[in-house]
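Listed below, chain by chain, are the residues.
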Amino acid sequence: RSKREPRRVDHPPSRLRRLSRRLLPRTWVLRASIRRIDRIYRPLVAQAKGDDRESLIREHMHERADVEEQLEGIETSRLLCRARKYYIVAPEIKLAGDNWEDANWARGWASHTLYLKPAAVASIQRQIEDAKKRRLEAWGTRSKIIGGVITIIVALASVLALIWRR
C-alpha cells in the first residue's frame, strides 16, 4: 500500500445524520450522499498518481453509480404509482437470466436496481398527462352543466321570491 492516507474513513453517522435519514425524504438523503461521495473522492483523486488514481476513479464511479441507481429506482416507483392512479399499465419487465436490458427497463450495474429507461419514462409521463387532460375535460363539461343548473335554480328562486312578496 502506498504512503498516502487511507482511502476512506467510515465514521459512525452522527446523531444529526441518523435523524435526517429518518425525517427527510429518501431522495434528499441520496442526493446529499452523492455530494458527500464527491467531496470525499475529489481531493483523493487529485492527489493520486498512476494506477492508484485509476483505481480511485473506478471506486468513486461505482459508489456514485450505486446511489444514482437507487435514485432512479425511487423515481421509477413514484412514476409507476402515479401511473396506477390513472389506470395506466406499466411496461412489462422481460429480463431473464443474464439479459440485463430490455426496451423499457434497465438494471443498474452497481446496485442491480431495476428502473425505467428515459424513453419509457417519457412515454408514461405523456400517458399520465393525456389521462389528466381527459379527466379535466370530463369535469369541465360537468362543471358547466352544474353551473347552468345552479344559475337556473337561483333565477327561479328569485322569481318565486318576487311572486310571494306581491
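Residue positions are given per chain, counting from 1 as you read along its sequence in written order. Only residues with pLDDT of at least 70 get local features here, since the model is predicted, and only at 80 or more are side-chain atom pairs given and counted; chain-wide, interface and lining totals rely on the full set of residues. Computation of side-chain values: all heavy atoms of the structure, hydrogens and water removed.

1. Comments concerning unusual backbone geometry
Then, in step 1: In this structure, Tyr87 takes a positive phi of about 60 degrees despite not being glycine.
Then, in step 2: Examined against the element boundaries, Tyr87 turns out to sit in the loop between helix H3 (50–85) and strand E1 (105–107).
Then, in step 3: Only protein chains enter the calculation, and the probe is 1.4 Å; a residue is then buried if its accessible area is under 20% of its type maximum, exposed if over 50%, and partly exposed in between. On the basis of relative accessible area, Tyr87 is assigned to the exposed category, the value being 73%.
Then, in step 4: The residue His112 is not glycine, and still its phi comes out positive at about 60 degrees.
Then, in step 5: With respect to the element layout, His112 can be found in the loop between E1 and strand E2 (114–116).
Then, in step 6: Using a relative accessible area of 44% as the deciding quantity, one classes His112 as partly exposed. Secondary structure elements are defined from DSSP: runs of H or I of at least 4 residues count as helices, runs of E of at least 2 residues count as strands, and each element is numbered from the N terminus.

2. A few points about the confidence of the model for the protein chain
Then, in step 1: Mean pLDDT for the protein chain: 86, with 90% of residues reaching 70 or above.
Then, in step 2: What pLDDT reports is the predictor's confidence in each residue, on a scale of 0 through 100. Element-level mean pLDDT values for the protein chain span from 75 in helix H1 (residues 15–23) up to 93 in H3.
Then, in step 3: Counted against residues more than four places away or in other chains, residues 1–6, with its pLDDT under 50, gives five contacts. Between two residues, a contact is recorded if the distance between any of their heavy atoms is within 4.5 Å.

3. Some thoughts on the packing of aromatic side chains
The description of two aromatic rings rests on the distance between their centres and on the angle between their planes.
Then, in step 1: Two aromatic rings from Phe, Tyr or Trp, using only the six-membered ring of Trp, form a pair when their centres are within 6.5 Å; if the ring planes differ by under 30 degrees the pair is stacked, by over 60 it is edge-to-face, and anything between is tilted. Applying the stated criterion across every chain yields a total of zero aromatic pairs.
Then, in step 2: Note on geometry: a ring has a charge over it if NZ (lysine) or CZ (arginine) is within 6 Å of the ring centre and within 35 degrees of the ring normal. It is Arg142 that lies over the ring of Trp139; its NZ or CZ is 5.0 Å from the centre.

4. Thoughts on a nonpolar patch on the surface
Then, in step 1: Among the surface-exposed residues, Leu19, Leu23, Leu24 and Trp28 lie close enough to one another that they form a single nonpolar patch of about 430 Å² accessible area.
Then, in step 2: Residue Leu23 is classed as exposed on the basis of its relative accessible area of 63%. Patch membership needs two things, relative accessible area over 30% and no salt bridge, and members are linked within 9 Å if like-charged or within 5 Å if nonpolar (Val, Leu, Ile, Met, Phe, Trp, Tyr). Surface exposure here means Shrake-Rupley accessible area, sampled with a 1.4 Å probe, where a residue is shielded only by the protein chains that are shown. Within this document, salt bridges are pairs made up of a side-chain nitrogen of Lys or Arg and a carboxyl oxygen of Asp or Glu, the two lying within 4 Å of each other.

5. Details of the side chain of Asp38
Then, in step 1: Locating Asp38 in the fold gives a position in helix H2 (residues 26–47).
Then, in step 2: Excluding anything up to four places from it in sequence, Asp38 contacts His60 and Arg64.

6. A few points about a positive patch on the surface
Then, in step 1: A contiguous patch of positive charge, built from Arg17, Arg21, Arg26, Arg35 and Arg39, is present on the exposed surface.
Then, in step 2: Those elements that place two or more of their residues in the positive patch are H1 and H2.
Then, in step 3: Looking at which element gives the most residues to the positive patch, the answer is H2, with three residues.
Then, in step 4: Its location among the elements puts Arg21 in helix H1. The positive count covers Lys and Arg only, the negative count covers Asp and Glu only, and His and the chain ends enter neither. Throughout, a charge is located at the NZ atom of Lys, the CZ atom of Arg, the CG atom of Asp or the CD atom of Glu.

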